Amino acid sequence: MDDPLVIADREYSSRLITGTGGAANLSVLERALVASGTELTTVSLRRVDTAGGTGVLEVLRRLGIDPLPNTAGCHTAAEAVLTARLAREALGTNWVKLEVIADDRTLLPDPVELLDAAATLVEDGFVVLPYTNDDPVLALRLEEAGCAAVMPLGSPIGTGLGIRNPHNIELIVARAGVPVVLDAGIGTASDAALAMELGCAAVLLATAVTRAADPEKMATAMRAAVVAGRLARSAGRIPQRFWAQASSPPR
Amino acid sequence: MKIDVNGAPREVADGATVAEVLAALRLPAAGIAVALDGEVVPRAEHAATPVAEGAVLEVLTAVQGG
């Protein structure tokens, strides 16, 4: 596999991790997932209704995509730890996208509860992928706690505001010993490309695709953007200059 | 006896196990996870774990999200 994404003991050829939330129906979701080329995608855990599940797991199984359960909706470390343990039981995976949300208006991570939950879950044998603030100090603390990756936000969940503090993302990347996954806030393809240009190992996005007017087309765009950004990062961009520098010979 | 399943009151046989409650309520046995009074009950223990009067059972599965 050329230039794989390596997280914990797994390798993926795609650096685009998707979410399944926000899609109008499963057939739209399926086409978008195929177009994205993703190999890892998030699901949430909710109460079973008597009519049965939504069939999202069946779609992922058919497409050969690994499910990544999240702890969306949890506001405390205790809730998130219980949800992660239930997800492990339901899905048979010890991987978890750890989310501990401070409030429902911003959906920003609660750093204190997040670090607490991460430490508990690592101790319990989980591969923990925490959704975190774009805070370089917290990212290091999560890594020290044993997280297999850190996933800073570009901007709040679902806003599509892109990467509001690119310098912080670069600081996180510069010091991280685990993969950095840009998670949340991606609005369009250039945001995903920028994340990769800043040195992120992967991009995680959901609604930028699922709520686009044409999810399948946007998934195709995101796939190309992640590849382009990765290539540009490794190609070594030219320095930015204040004054022009001619590229044609002087005479 | 009365228990609470996913936030709704349910009448189940006295001394029922987790497995019997799932079967009685026609809940799927695969792809789900069960918490009994806030603690995960591993699948292998469903058949051997009794549910007490007034117990709170949460039965969860994966849905679209994130």
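Criteria and cut-off values
Residues numbered from 1 in each chain as written. Chains lettered and ligands numbered in written order. Predicted model: local features only at pLDDT ≥ 70, side-chain atom pairs only at ≥ 80, totals over all residues. Heavy atoms only, no water. Contact = heavy atoms within 4.5 Å. Buried area = accessible area lost by both parts, 1.4 Å probe. Salt bridge = Lys/Arg side-chain N within 4 Å of Asp/Glu carboxyl O. Pairing = 2+ DSSP bridges. Helix = DSSP H or I, 4+ residues; strand = E, 2+ residues; numbered from the N terminus. Axes fitted to C-alpha atoms, helices over the stretch in contact; angles between N-to-C directions. pLDDT = per-residue confidence, 0-100. Buried < 20%, exposed > 50% of the residue type's maximum accessible area, 1.4 Å probe, protein only.

K.L.:
Please explain the interface of chain A and chain B as it appears in this structure.
P.N.:
It is common to report an interface's size as the accessible area lost on association of the parts. Each partner contributes to the interface: chain A provides 26 residues, whereas chain B provides 24 residues. The junction of chain A with chain B conceals about 2200 Å² of combined surface from both sides, 62% of it contributed by carbon and sulfur atoms. The three residues of chain A that bury the most area against chain B are Arg-47, Val-48 and Glu-89 of chain A, which together make up 32% of that side's buried surface. Taken together, the links from chain A to chain B amount to one salt bridge.

K.L.:
Any chance you could explain the sheet that holds strand E7 (residues 127-132) of chain A here in plain terms?
P.N.:
Backbone-to-backbone hydrogen bonds join strands into a sheet, with any given pair of strands oriented parallel or antiparallel. All names here are of chain A. Here we have three strands laid out as an open sheet, ordered E6-E7-E8, and parallel in their pairing. The open sheet has two edge strands, strand E6 (95-98) and strand E8 (151-152), and neither has a second partner. In the sheet, E6 pairs with E7 via four bridges, with the strands oriented parallel. Residue pairing for E7: Trp-95 is matched across the bridge by Val-127. Helix-sheet contacts for helix H4 (residues 111-123) involve E6 and E7, and the interaxial angle to E7 is about 170°.

K.L.:
Before we go on, may I ask you to explain the confidence of the model for chain B in this structure?
P.N.:
Do not read the predicted coordinates in detail wherever pLDDT is low. All names here are of chain B. In this model, chain B carries an average pLDDT of 88, and 100% of its residues clear a pLDDT of 70 or more. Per-element confidence in chain B ranges from a low mean pLDDT of 88 for helix H1 (residues 18-24) to a high of 92 for strand E4 (residues 39-41). Of the two predicted TM-score estimates for the complex, the pTM is 0.90 and the ipTM is 0.85.

K.L.:
What is the right way to read the pattern of salt bridges from this model?
P.N.:
Pairing between side chains of opposite charge can happen when the charged atoms of each approach one another. For the coordinates displayed, the defined rule picks out 12 salt bridges over all chains. The salt bridge involving Arg-47 of chain A is made with Glu-58 of chain B; its shortest N-O contact spans 2.8 Å. With one member in each of two chains, Arg-47 of chain A in strand E4 (residues 40-47) and Glu-58 of chain B in strand E5 (residues 56-64) form a pair that bridges those chains. Exposure remark for Arg-47 of chain A: the relative accessible area of 44% places this residue in the partly exposed category. The closest approach of N and O atoms between Glu-99 of chain A and Lys-97 of chain A, which form a salt bridge, is 3.6 Å. A residue is classified by how much of its surface remains accessible, and Glu-99 of chain A, at 4% relative accessible area, is buried.

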